[in-house]
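Spelled out, the chains give:
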Amino acid sequence: MLIVQTCCAAVAQAQSPNLIGKWNVEITFANGTRHSLRFDAQGEGKGSFELLDPRAKVWGATTHFEAKWTLSDGNSVMFSAPLEFMLGNVGRDAGTLECKGKFETESLITGEVEFSPLVGDGPSKSGTFKAIRAAGG
């Protein structure tokens, strides 16, 4: 029985986690700013982000952004997209969001996030993220 459990555990560890599906992503930047996103990982490294910011929807801002992702080293993952966060009521902070993390479990990814502005010489923002597989995703 012990041999069977050991073999099953080795096979389970050898399999790469499956990123494909919907993920609820919570981002916290070092300055305390928080954002919620929905990441939809599709096949062939393609996907999309949906910004879950009620202010963006009220003001008619874009909330859907094309993304790309890669899975490497068994449980390391990177997903990124050019997107815009709302600033106040009408301002937008445009840049590239890049999340680099690892699968903690089949349904949890944690790691580091960086947001690089597209315009101006503003500094990049860094922080952490947590992605939880959405129900049915």
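Here, the structure is the one placed above.
What you see is a predicted model; the values in this text were computed from it and never measured.

Remarks on the overall build of the protein chain
Then step 1. The helix and strand tally for the protein chain stands at two helices and eight strands.
Then step 2. What you see in the protein chain, going N to C, is helices and strands ordered as α-β-β-β-α-β-β-β-β-β.
Then step 3. Taking the intrachain contacts of the protein chain between residues at least 6 apart in sequence as the baseline, contacts between residues at least 24 apart amount to 39%.
Then step 4. When the accessible area of the protein chain is evaluated, it comes to approximately 8,100 Å², of which 55% is carbon and sulfur surface.

Overview of the pattern of salt bridges
Then step 1. Considering all chains together, one arrives at three salt bridges under this definition.
Then step 2. The salt bridge involving lysine 22 is made with aspartate 40; its shortest N-O contact spans 3.3 Å. With lysine 22 in strand β1 (residues 21-29) and aspartate 40 in strand β2 (residues 34-41), the pair connects residues that are 18 residues apart, well separated along the chain.
Then step 3. In this structure lysine 22 comes out as partly exposed when scored by relative accessible area, which is 37%.
Then step 4. Look at aspartate 40 and you get buried, because its relative accessible area is 18%.
Then step 5. Across the pair lysine 100 and glutamate 98 runs a salt bridge, and its minimum N-O distance is 3.4 Å.

Section: unusual backbone geometry
Then step 1. The backbone phi angle of glutamate 44 is positive, close to 60°, even though this residue is not glycine.
Then step 2. Tracing the backbone through its elements, the reader meets glutamate 44 in the loop between β2 and β3 (46-51).

Thoughts on the packing of aromatic side chains
Where two aromatic rings form a pair, the distance of their centres and the angle of their planes describe that pair.
Then step 1. For the coordinates displayed, the defined rule picks out eight aromatic pairs.
Then step 2. Considering the side-chain rings of phenylalanine 29 and phenylalanine 85, the 6.2 Å spacing of their centres and the 80° angle between planes classify their relative orientation as edge-to-face. Placement of phenylalanine 29 in strand β1 and of phenylalanine 85 in strand β5 (residues 76-87) is noted, with a sequence separation of 56 residues between them.
Then step 3. The class of phenylalanine 85 is buried, set by a relative accessible area of 2%.

Things to note about the pairing of β5
Then step 1. For β5, a buried count of nine out of 12 residues is recorded, marking the element as mostly surrounded by other parts of the structure.
Then step 2. Direction of pairing for strand β4 (residues 64-72) relative to β5: antiparallel, over a ladder of five bridges. When the bridges of β5 are listed, leucine 71 appears paired with valine 77.
Then step 3. Hairpin connection from β4 to β5: three residues lie between these consecutive antiparallel strands, with aspartate 73 at a positive phi of about 50°.

Thresholds, definitions, all that
- Residues numbered from 1 in each chain as written.
- Predicted model: local features only at pLDDT ≥ 70, side-chain atom pairs only at ≥ 80, totals over all residues.
- Heavy atoms only, no water.
- Helix = DSSP H or I, 4+ residues; strand = E, 2+ residues; numbered from the N terminus.
- Contact = heavy atoms within 4.5 Å.
- Areas by Shrake-Rupley, 256 points an atom, 1.4 Å probe, with all protein chains shown as cover.
- Salt bridge = Lys/Arg side-chain N within 4 Å of Asp/Glu carboxyl O.
- Buried < 20%, exposed > 50% of the residue type's maximum accessible area, 1.4 Å probe, protein only.
- Phe/Tyr/Trp six-rings, centres within 6.5 Å; stacked < 30°, edge-to-face > 60°.
- Pairing = 2+ DSSP bridges.

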